[in-house]
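If you want the building blocks of each chain, they are given just below.
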Amino acid sequence: MKIEDFNQRLRNAVLVADGAMGSMLYEAVGPHRCFDELNVTQPEAVFRVHHAYLEAGAQIIETNTFGANRHRLATHGLADSVVAFNHRGVKIAREAREASRHEVLIAGSIGPLGITHQVHDLPDGEIQSIFREQAGALEERGVDLFILETFYHLSELLAAIDAIRSFSRLPIVAQLTYSDEATTLDGTRPAQAWEQLKTRDVQAVGANCSIGPQSLLFVLHELARAAESPLSAMPNAGFPQRAGDRVVYPKSSPDYFSQFAKEAASTGVRIVGGCCGTTPAHIRAMAQALR
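Residues numbered from 1 in each chain as written. Predicted model: local features only at pLDDT ≥ 70, side-chain atom pairs only at ≥ 80, totals over all residues. Heavy atoms only, no water.

(A) Quick peek at the pairing of strand E3 (residues 105-110). Burial analysis of E3 places 6 of its 6 residues in the buried class, which makes it a mostly covered element. By the alternation rule, side chains of E3 split into Leu105, Ala107 and Ser109 and Ile106, Gly108 and Ile110, which are all buried. The sheet contact formed by strand E2 (residues 60-62) and E3 spans 3 bridges and is parallel. When the sheet's bridge partners are listed, Ile61 is paired in E3 with Ile106. In this structure, E3 lies alongside strand E4 (residues 145-151), joined through 4 bridges in parallel fashion. Paired with Ser109 across the bridge in E4 is Ile147. (Buried < 20%, exposed > 50% of the residue type's maximum accessible area, 1.4 Å probe, protein only. Helix = DSSP H or I, 4+ residues; strand = E, 2+ residues; numbered from the N terminus. Pairing = 2+ DSSP bridges.)

(B) View of the environment of Ser168. Along the chain, Ser168 falls in the loop between helix H9 (154-165) and strand E5 (172-176). Along the chain, Ser168 and Arg132 lie 36 residues apart, while their C-alpha atoms are 9.6 Å from each other. What Ser168 contacts, discounting residues up to four positions off in sequence, is Glu139 and Phe146. (Contact = heavy atoms within 4.5 Å.)

(C) Just the sheet that holds E5, in detail. Taken in spatial order, the 8 strands make up an open sheet running E1-E10-E7-E6-E5-E4-E3-E2, and their pairing is parallel. Only two strands of the sheet have a single partner each, and these edge strands are strand E1 (15-16) and E2. Judged from the 4 bridges that link them, strand E6 (residues 204-208) and strand E7 (residues 231-234) form a sheet pairing that is parallel. Note that in E7 the partner of Gly206 across the bridge is Ser232. In the packing of helix H1 (residues 3-12) onto the sheet, the strands contacted are E1, E3, E4, E5, E6 and strand E10 (269-272), and the crossing angle to E10 comes to about 100 degrees. (Axes fitted to C-alpha atoms, helices over the stretch in contact; angles between N-to-C directions.)

Written as structure tokens, this is what we have:
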């Protein structure tokens, strides 16, 4: 997809993205060492998640490739599967799109390399090389855009953007994850993030994961006061809690997300979706509210 075409879509409408992938797969197949691996071992489970979100009204679906970079996969002994997992992730999303009754954009999902300090000890060139490898595999198989999501450190998000822009002219949505205090793990506030992101060629900036709709609205209001680009927002169902060996998300009502979608749109959000713990019911409620 050309950047100008994507920009035009954001000017004309609020686009509804999908919701959680990992927590949906967890419910479907149980614990797994690496959910990206399911693209190869259980592709039908991934397809069903995509299909459910499309039936709910999602106009953007993200590939099941959030952790499919060489650094993360190496912890599971799967470092040489980067291309295979990303290619298959796009293939499954494309198959789901072919079965949809409405137009759909496929976003290549790229997450951070990790949250430990060891990641930030890596040379900048190696970090960019890891992101470039994953993004290259996603673009080669045919994504329409990239969504960079759940980045805890602004510097790593900037490195991912630079890696993509070293070869690609596809649209980029760049998202950080914030705490209830509206700061990232490295202490960056939304307005400070924009000061750096505005120097990059990204088509939308925003926030996802970690916090629920109400807390995310505070982040969006601050970002909206500073930013000059379209915004994106994908909150969790709420703050997760551990119950034994499981991570459980609150049962946020779809009506709650419906109201969030309307309030988010009023702040300048042009892409709205969900993150951990959200389901097709939440996406359906937001899609109906925005229609």
